[in-house]
Structures are given as C-alpha cells and as structure tokens.
Amino acid sequence: MTAVLCGLVLIFAALATLKLKAAERAPDQGFIPEDRLTLRNVFEILFEKVYGLAESVMGPDVTVKYFPVVAALFFFILVCNLIGLVPGFLPPTENLNTTFAIAIF
C-alpha cells in the first residue's frame, strides 16, 4: 500500500514539474488562473489559508522563517487523521511512537 501511495505521489510530482516547465517556456501563462477548479488551485487555497493563519498567530517576520515546518506538521497530522477515516486503516497518530516522534521534532 505504501509503495502505491509513493508511486502516486511521484506521478503527481512529475506531472506538476512538467506543467511548471511548460509555464516557464510561456511566462505569461504561469500566472493566469485556470478556468476551472483544479488540484493545483485546491492546494494553493489550502496553503494560503494555513499561511494566513500562521501569519496572524506568529506575525509576518517569524512566519517566513517557520512556515515550512508548521505547514509540514499541519498537513502530516491532517493526512494521518484522514487515513483513520478509511475503513480498515488505523490512523498513524494512534501509535505513541508517531506522536512522540512529532513531539521530539
């Protein structure tokens, strides 16, 4: 199961890289939003909301420095808890080893 998920992530990353390289060739196309809601738009909205929340709590100076860590922890915990909603899967955060590792980090 993990190999399948890793494979899907690699495929999506490769597709995103190809789209970015295509946007570099046509610079005016990279900043024009698409007509419909895409996966890219969803992730941009999510990251903007999390960045806005972090900026309102920590302030603009500190947010630039610590946002990658805060966002990575936020999305890791979110995905771990969403996995627990799938029947037959236990959330990784249920295991104390995962929780302790996050706390030590």
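Residues numbered from 1 in each chain as written. Predicted model: local features only at pLDDT ≥ 70, side-chain atom pairs only at ≥ 80, totals over all residues. Heavy atoms only, no water.

Comments concerning the packing of aromatic side chains
Logical step 1: If you walk through the whole model with that rule in mind, you get three aromatic pairs.
Logical step 2: Ring plane angle 80 degrees and centroid distance 5.0 Å describe the contact between Phe74 and Phe75, whose orientation is recorded as edge-to-face.
Logical step 3: On the basis of relative accessible area, Phe74 is assigned to the partly exposed category, the value being 38%.
Logical step 4: For Phe75, a relative accessible area of 17% corresponds to the buried category.
Logical step 5: Taken together, the ring pairs connect Phe47, Phe74 and Phe75 into an aromatic cluster. (Phe/Tyr/Trp six-rings, centres within 6.5 Å; stacked < 30°, edge-to-face > 60°. Buried < 20%, exposed > 50% of the residue type's maximum accessible area, 1.4 Å probe, protein only.)

Re the side chain of Thr38
Logical step 1: If you trace the backbone, Thr38 turns up in the loop between α1 (2–25) and α2 (39–58).
Logical step 2: Side chain to side chain, Thr38 and Asn41 meet in a polar contact 2.6 Å long. (Helix = DSSP H or I, 4+ residues; strand = E, 2+ residues; numbered from the N terminus. Polar contact = N/O pair within 3.5 Å; in protein donor to acceptor, adjacent residues only side chain to side chain.)

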